[in-house]
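# Structural characterization, general
Listed below are the residues making up each chain.
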Amino acid sequence: MSTTMPDVSHYTYRVSWSPEDEEFVATCLELPSLSWLAPTQDEALHGLRDLVHHVVEDLHRSNEPIPEPLSSRAYSGKFNLRVGERLHRELAIKAAEEHLSLNQYVVRKLGDAS
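Keep in mind it's a predicted model, so treat the numbers as computed, not measured. (Residues numbered from 1 in each chain as written. Predicted model: local features only at pLDDT ≥ 70, side-chain atom pairs only at ≥ 80, totals over all residues. Heavy atoms only, no water.)

### Quick notes on the pairing of strand β1 (residues 13-18)
Walk down a regular strand and you will see the side chains alternate between the two sheet faces. As a reminder, the rule being used: Should DSSP find at least two bridges between two strands, the strands are taken to pair. Helix numbers and strand numbers start at the N terminus; a helix is a DSSP run of H or I with at least 4 residues, a strand a run of E with at least 2.
Relative to strand β2 (residues 23-28), β1 is paired through 6 bridges, and the arrangement is antiparallel. By the bridge assignment, V15 is partnered in β2 with A26. Counting the residues in the hairpin turn of β1 and β2 gives 4 residues, including E22, whose phi is positive at 55°.

### Some points on the environment of H88
Heads up, the condition is: Two residues qualify as a contact provided that any one of their heavy atoms is within 4.5 Å of a heavy atom in the partner residue.
Residue placement: H88 occurs in helix α2 (residues 85-97). As a C-alpha pair, H88 and D7 span 81 residues in sequence and 42 Å in three-dimensional space. H88 has contacts with V83 and L102, leaving out every residue within four places of it along the chain.

### A word on the sheet that holds strand β3 (residues 35-38)
Short version of the rule: Helix axes are fitted only over the stretch in contact, all axes being lines through C-alpha atoms; the angle between N-to-C directions runs from 0 to 180 degrees.
Across the sheet, 3 strands lie side by side as β1-β2-β3; this open sheet has antiparallel pairing. Strand pairing shows two members of the sheet lacking a second neighbour, β1 and β3, which therefore form its edges. Ignoring which end each strand starts from, the neighbouring axes of this sheet average 25° apart. Taken strand by strand, helix α1 (residues 41-61) contacts β1, β2 and β3, and its axis lies near 150° from that of β3.

### Side note on the packing of aromatic side chains
For the record, the criterion: Only rings of Phe, Tyr and Trp enter the pairing, Trp through its six-membered ring, and a pair is recorded when the two centres are within 6.5 Å. The plane angle decides the type: under 30 degrees is stacked, over 60 is edge-to-face, the rest tilted.
Tallied over the full model, the rule gives 1 aromatic pair. Both rings, one in W17 and one in F24, keep their centres 5.0 Å apart while their planes meet at 75°; by these two values the pair is edge-to-face.

### Overview of the layout of surface pockets
Here is the rule: Think of a 1 Å grid over just the protein atoms. A cavity is a set of points where a 1.4 Å probe fits yet cannot get out, a pocket is an open set with protein on both sides within 12 Å along at least five of seven lines, and lining residues have an atom within 4 Å of a point. Grid points are joined across faces, edges and corners, and a volume is the space filled by probe spheres set on the points.
Approximately 420 Å³ is the volume attributed to the largest pocket. Along the wall of the largest pocket there are 15 residues; nearest its centre are F79, L81, N103, V106 and L110. Elements supplying a minimum of two residues to the lining of the largest pocket: α2 and α3 (102-113). It is α3 that provides the largest number of residues to the lining of the largest pocket, a total of 7 residues.

In structure tokens:
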């Protein structure tokens, strides 16, 4: 998180239908506590983007941390994952059966799942 003013159009927005509210709901991954309901997708997105802009301005004025857009973040390509001994053994065996390293096998499986 930073205190510099990001371009809010770079944030990650999603608009989906809410059966409970019978309206479209717009959300922002970087600011998960915010949402906006509206009868159309465009209105929901527009309302949320205005709200995000105002919230980010307020955070900036208050010198509070502002979430960096996911699209601007640097990713190393590495993360640690703890699995139980049983699953670790099963994955290692399946990787060996396919003549792959455990890392190659898990990367392939994660890619297949996305």
